[in-house]
Amino acid sequence: MTLEPHTFMTTMEKRVAFTEADKALLMSHQSWGQSIASEMADHFYAYLGRDPEMDAIMSAKEGRIHRLRETFIQWFHEMFTGMDNWGNGYADRRWRIGLVHVQIGIGPQHVVPAMATVVNEVGKRTRKDGKPEELRDALGRICMIDLAFIEQAYVEVSSAAVLKETGWTEGLFRRLIATGAGSM
């Protein structure tokens, strides 16, 4: 059940209709993206800081919030640059980001609304700055791809742990999940 990040990136690009035009638009606004990254980090961490569980995770280690904020700024800017035209390097980095979320305990119930906060705030900023609506849409699509990587990391890590601990086959595991979901 191990995710292959490069294939996953290609699949997600198709699923959310992230196009070459989106990439060109994001690249053409990368300076603007860099200029608002810190502000978006402020919105993101203000949102997360209002949640006691997330605040505890972010404050668990000395300097963690500073490191997370710096990583957020880099992540935000990379959505505009694509690092390598949203290729293998981008996919590998997004996969690592997902795994780090799992490792430090930032669950989907935190990530999804936090990403919605980013999408909402960047939408406000695009309107305020007179940026094209297409830019907001392209950012929304790449945010959803990045979110899919984080969400999939939870699935992959959880599944791998269960398979390792139980010795079950992947087929048996999938049947048990389908049966369990059907009984809920």
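Residues numbered from 1 in each chain as written. Predicted model: local features only at pLDDT ≥ 70, side-chain atom pairs only at ≥ 80, totals over all residues. Heavy atoms only, no water.

Q: Mind laying out helix α2 (residues 20–28), listing which residues take part and the relevant values?
A: Because the α-helix completes a turn every 3.6 residues, residues three or four places apart line up on one side. Regarding α2, the residues found buried are D22, K23, L25 and L26. In an axial view of α2, the angular spread of the buried residues amounts to 165°, which keeps them on one side of the axis. Of the exposed residues in α2, those oriented more than 90 degrees away from the buried face are E20, A21 and S28. The elements touched by buried residues of α2 are α1 (5–16), α3 (30–49), α5 (64–85) and α8 (133–166). Backbone nitrogen of A21 and a side-chain oxygen of the N-cap are separated by 3.3 Å at the start of α2; the cap is T19. (Buried < 20%, exposed > 50% of the residue type's maximum accessible area, 1.4 Å probe, protein only. Helix = DSSP H or I, 4+ residues; strand = E, 2+ residues; numbered from the N terminus. Arc of directions from axis to C-beta. Contact = heavy atoms within 4.5 Å. Polar contact = N/O pair within 3.5 Å; in protein donor to acceptor, adjacent residues only side chain to side chain.)

Q: Describe the packing of α1 against helix α6 (residues 88–104), listing the residues and the values that go with them.
A: Contact geometry for α1 and α6: axes closest at 8 Å, N-to-C directions at 100°. In terms of axis orientation, α1 runs roughly perpendicular to α6. Contacts from P5, H6 and M9 in α1 reach N88, Y90, A91, D92 and W95 in α6. Across the contact of α1 with α6, the residue classes break down as five nonpolar, two polar and one charged. (Axes fitted to C-alpha atoms, helices over the stretch in contact; angles between N-to-C directions. Parallel < 35°, antiparallel > 145°, perpendicular 65-115°, else oblique. Nonpolar A, V, L, I, M, F, W, Y, C, P; charged D, E, K, R; others polar.)

Q: Could you give me a rundown of helix α7 (residues 108–128), with the residues and numbers involved?
A: Compared with the 30 Å implied by 1.5 Å per residue over 21 residues, the 30 Å span of α7 between its first and last C-alpha is a close match. The set of residues buried in α7 consists of H110, V111, A114, M115, T117, V118, E121, V122, G123, R125 and T126. Residues of α7 that are buried in the fold lie against α3, α4 (52–58), α5, α6 and α8. Looking one or two residues past α7, G130 carries a phi angle of roughly 70°, positive in sign. (Expected span 1.5 Å × (residues − 1).)

Q: Just give me the short version of the packing of α5 against α8, but keep the residues and values in it.
A: At a closest axis distance of 10 Å, the pairing of α5 and α8 adopts a crossing angle of 120°. In terms of orientation, α5 lies oblique with respect to α8. For the pair α5 and α8, the crossing hand works out as right-handed. Contacts from W75, M79 and F80 of α5 reach α8 at L135, L139, I142, C143 and D146. (Left-handed = near helix turned anticlockwise from the far one by under 90°.)

Q: How would you summarise the nonpolar core if you had to cite specific residues and measurements?
A: Residues L26, F72, W75, F76, L139 and I142 are the most contacted members of the largest nonpolar core, which totals 48 residues. Contributions of two or more residues to this core are made by α1, α2, α3, α4, α5, α6, α7 and α8. Sorting elements by how many residues they give to this core places α8 first, with 12 residues. Dropping the residues within four chain positions of it, I142 is found in contact with M9, F18, L26, M79, W86 and Y90. (Core = buried A, V, L, I, M, F, W, Y, C linked by side-chain atoms within 4.5 Å.)

Q: Talk me through the confidence of the model for the chain; I want residue IDs and the actual numbers.
A: Across the chain, the average pLDDT comes to 92, with 98% of residues at 70 or higher. Across the chain, element-level confidence peaks in α2 with a mean pLDDT of 98 and bottoms out in helix α9 (residues 170–182) with 80. (pLDDT = per-residue confidence, 0-100.)

Q: Quick one: what's the story with the pattern of salt bridges, residue by residue and with numbers?
A: Summed over the entire model, instances satisfying the criterion amount to 13 salt bridges. Where R141 meets D22, a salt bridge forms, and the shortest distance between an N and an O atom there is 2.8 Å. Placement of the pair is R141 in helix α8 and D22 in helix α2, with a sequence separation of 119 residues. Judged by relative accessible area, R141 falls into the partly exposed class, the value being 23%. Of the charged contacts, one joins R125 and D129 as a salt bridge, the two residues approaching to 2.7 Å between their closest N and O atoms. Its relative accessible area of 29% is what places D129 among the partly exposed residues. A single salt-bridge network, built from bridges that share partners, covers E78, R93, R94 and D146. (Salt bridge = Lys/Arg side-chain N within 4 Å of Asp/Glu carboxyl O.)

Q: Describe the side chain of H110, naming the residues involved and giving the relevant values.
A: Relative to the helices and strands, H110 is located in helix α7. For H110, a relative accessible area of 5% gives the class buried. For H110, the contacting residues outside a window of four places in its chain are L48, D51, E53 and M54.

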